[in-house]
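An overview of the molecular structure
Read off the chains here:
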Amino acid sequence: MTAAGFDSSRRWQATTFFALAVLLVVRVTFTGISPLNLYADEAQYWRWGETLEWGYYSKPPMIAWVIHAVTSVLGNAEWAVRLPAAFLHTAGAVFIYFLARDMYGHRVGMFASLGYALMPAVILSSVVISTDGVLMPFWCAALWALWRLRNENGGWISAVGLGAAVGFGFLSKYAMLYFAIGTLLVLLLDQQSRRALISFKGLAALSIAAAIFAPHLLWNAANDFKTVSHTVDNANLGGDLINPENALTFLVDQLGVFGPISFLALFFGIFVMRSEDDGIMGRDRWLLCFILPVLIIILGQAVLSRANANWAATAYPAASVLVAAWLARAKPNRNLWYIIAAVSFLAFLLAPDVSLLTRMLIGSVVAVSILGFGHFMRHSPSGLLWTSLALHGVLMVTFMTIALLPASTTTALGFDNALKRTRGWDAAAEQVFARADEFNATSVLVDEREAWHGLDYYARDRTTPMISWRRYAGPKSFSEAQPLEGDLAERVLVASLHSGMRPKLRSDFRSFEHVGAVTIPLGTRSNGCPIVREFQLYIGTGYARQERTQEWEAKFDGQTEFKPAPCPPVPGQ
């Protein structure tokens, strides 16, 4: 490498790490001042972290361990629970830089790393604590270690790193299984990968990964494989199969996960780009082994039943590298810019939880900005990388600004519905448990998993126990682990969110007296309807749980108590 080339490489690397450091500071600062409550999943992970285990009801243990490590030192405030997320994603972005640098050079490394760090899903996941956020640094590290092992750059260090990254990845989320599928594909298709992995180094990597993951498997075996069974239940393959309309929904969702420009570049690139490498397996196709299986499997899951938007998140570390490489070397293409601008506008029109006017305004600004920047860049595809980074940077600042705005402003902008899951749990916990003390309740019973976790975290210093009502014969979530029995069932304050559950709840008690409600305002919908979280309160005594049979379920079909009035209101009522 020439002196000029070396200096250029150092500049790309320095720019990347400086930008990642700035992003880290911004994210940590936002985490510290954010007024948003923990949402239910975050509160659940915090509760798990109160006791260290090798597994939990629905997830492997890493997220609980991470939260425990931080909160045991910094306390249980929301910012402390969420703090690891920013650091974990920064680590993932660093590994992506090294992977892309080794595959395509420092310039692509910068675009790939910042593209990952500013991915819309990562923008959100960097300021909340989630299993995806915990998994990603291990996934990214595993990709880099596998590539280095393939090219004989890292030797035994790469083998040990690969095994550790894969093992800890499996302890973070079972989605690490997709990495194993990608590895099998490169074994089949790539001679160099076969040579690297079918060796003592490959055996060492496999052994290390297995040794790290083995205690979790033993824990599952000792606990009726409840984490695995919950994962199978989550696939929801027992319902109505074949829902082709879900395919379009899934693809549109991915525009919001990976970013409209990045996802469209990936989508079109698969059909029009050609690998610049000769031989059995080019670099591009090596990365596709860790992209396409994830997207195809989750798309199939969406069509068969349902799929959350984030389920395909593990496709995008490798995709960040591939899209950066494709666009960095592609020739100018005016039509590509026009197509991406048009589809981006349509994608924003389909965004959920935001008023139509707001969606049209944002979509128009984005589309015009893409077209304007395209003209400035003379329609060079590499300009799309800068456009995407700028768009996602604006998106990050907008998201953080909206979260910090007073409720009156978010109402005017139509964002209250999007923020409702992270509002009002502190007020609800204070009021519900104040009423429990007022009525000398022996326990509080709720009828929703999300409510249990929200109240559990914000009433963590409570003296009155809280139970989650079991609608079915056995527990269906971690919140239902403790049954209502013994002294807890003597005088129960029932805090019910669901009008359709109340007749069923009533059947479990000899006496079930309505004693008021706790109503928490959460904002206003785009149609002017108020958003509230309303707990109807009952005092239940003489608890005698009814046998959960089909006849018992059918007996209450269509029955409700205190069903909310329709909104908008019916004229004349």
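A brief report on the enclosed structure follows.

What follows concerns the layout of surface pockets. Approximately 660 Å³ is the volume attributed to the second largest pocket. Every residue lining the second largest pocket is counted, 23 residues in all, and those nearest its centre are Arg525, Val532, Arg533, Glu534 and Pro564. The dominant element in the lining of the second largest pocket, judged by the number of residues it contributes, is strand β5 (residues 530–543), at 5 residues.

Turning next to a nonpolar patch on the surface. A cluster of nonpolar side chains, Trp156, Phe200, Leu203 and Leu206, forms an exposed patch at the surface whose accessible area comes to about 520 Å². Ranked by residue count, the leading element in the nonpolar patch is helix α11 (residues 200–222), at 3 residues. Within the secondary structure, Phe200 is located in helix α11.

What follows is about the packing of helix α18 (residues 334–349) against helix α19 (residues 356–376). Running from N to C, α18 and α19 point in directions that differ by 170 degrees, and their axes come no closer than 8 Å. Between α18 and α19, the angle falls in the class roughly antiparallel. For the crossing formed where α18 meets α19, the hand is right-handed. Within the contact between the two elements, α18 uses Trp337, Tyr338, Ile340, Ala341, Ser344, Phe345, Phe348 and Leu349 and α19 uses Arg359, Met360, Ile362, Gly363, Ser364, Val366, Ala367, Ile370, Leu371, Phe373 and Gly374. Grouping the amino acids of the contact of α18 with α19 by side-chain chemistry returns 14 nonpolar, 4 polar and 1 charged.

Note that Leu146 resides in helix α7 (residues 131–150). Remark: the alpha-carbon pair of Leu146 and Ala159, spanning 13 residues in sequence, is separated by 7.7 Å. Contacts of Leu146, omitting those with residues within four sequence positions, involve Leu162, Phe179, Thr183, Leu197, Trp286 and Phe290.

Taking 1.5 Å of rise per residue, 14 residues should cover 20 Å, and helix α13 (residues 245–258) covers 21 Å from first to last C-alpha, within 8% of that figure. Along α13, the positions that sit buried rather than exposed are Ala247, Phe250, Val252, Gln254, Leu255, Val257 and Phe258. Contacts made by the buried residues of α13 are with α6 (120–125), α14 (260–272), α16 (292–304), α17 (316–329), α18 and α20 (381–404). After α13 finishes, the residue Gly259 shows a positive phi value of roughly 105 degrees.

Conventions used here
Residues numbered from 1 in each chain as written. Predicted model: local features only at pLDDT ≥ 70, side-chain atom pairs only at ≥ 80, totals over all residues. Heavy atoms only, no water. 1 Å grid on protein atoms, 1.4 Å probe; cavity = no way out; pocket = protein on both sides within 12 Å on 5 of 7 lines; lining within 4 Å. Points joined across faces, edges and corners; volume = space filled by probe spheres on them. Helix = DSSP H or I, 4+ residues; strand = E, 2+ residues; numbered from the N terminus. Patch = residues over 30% accessible without salt bridge, like charges linked within 9 Å, V, L, I, M, F, W, Y side chains within 5 Å. Areas by Shrake-Rupley, 256 points an atom, 1.4 Å probe, with all protein chains shown as cover. Salt bridge = Lys/Arg side-chain N within 4 Å of Asp/Glu carboxyl O. Axes fitted to C-alpha atoms, helices over the stretch in contact; angles between N-to-C directions. Parallel < 35°, antiparallel > 145°, perpendicular 65-115°, else oblique. Left-handed = near helix turned anticlockwise from the far one by under 90°. Contact = heavy atoms within 4.5 Å. Nonpolar A, V, L, I, M, F, W, Y, C, P; charged D, E, K, R; others polar. Expected span 1.5 Å × (residues − 1). Buried < 20%, exposed > 50% of the residue type's maximum accessible area, 1.4 Å probe, protein only.

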